[in-house]
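What follows is each chain in one-letter form.
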Amino acid sequence: MKRFQDRQGVDWEVVAGRESWGAIVALFVPIREGPEIRQAPLSADGYGEATTLLESMSPEALQDLLDVSGPKTS
């Protein structure tokens, strides 16, 4: 899990997740009530690689990923 603050001042926790069909995604979970949970696809071969990738990302890279994210699907 990694925390970052977006350009609007919203604090997020970002974690790797797996969709039902096996795709790896970044899940953006707001720390406080407000925005909905969001997700974006990640290019990773597995959960461990995705976690390492997210941990190594700068706040700017996380913002870029949040910018292309969509609402979390069930």
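Use the structure listed above.
Residue positions are given per chain, counted from 1 along the sequence in the order it is written. The predicted nature of this model means local features are confined to residues of pLDDT at least 70 and side-chain atom pairs, given and counted, to a pLDDT of 80 or more, with totals for whole chains, interfaces and linings taken over all residues. As a convention, hydrogens and water are excluded, and side-chain values are obtained from all of the structure's heavy atoms.

**Description of the packing of aromatic side chains**
In plain terms, the rule: Side-chain rings of Phe, Tyr and Trp (the six-membered ring for Trp) are treated as a pair once their centres are within 6.5 Å; stacked means planes under 30 degrees apart, edge-to-face means over 60, and tilted covers the remaining angles. A run of DSSP states H or I qualifies as a helix once it reaches four residues; a run of E qualifies as a strand once it reaches two. Both are numbered from the N-terminal end. Think of it in three bands: residues with accessible area under 20% of the maximum for their type are buried, residues over 50% are exposed, and the middle band is partly exposed, with areas taken using a 1.4 Å probe on protein chains only.
All chains considered together, the criterion is met by 2 aromatic pairs. Here F4 and F28 contribute two aromatic rings whose centre-to-centre distance is 6.2 Å and whose plane-to-plane angle is 70 degrees, an arrangement assigned as edge-to-face. Of this pair, F4 sits in strand β1 (residues 2–5) while F28 is found in strand β3 (residues 24–30), placing the two residues 24 residues apart along the sequence. For F28, a relative accessible area of 0% puts it in the buried group. Ring geometry for W12 versus F28: centroids 6.3 Å apart, planes at 90 degrees, classification edge-to-face. Separated by 16 residues along the polypeptide, W12 in strand β2 (residues 11–18) and F28 in strand β3 bring together distant segments of the chain. The class for W12 is buried, based on a relative accessible area of 3%. An aromatic cluster of at least three residues, connected via ring pairs, comprises F4, W12 and F28.

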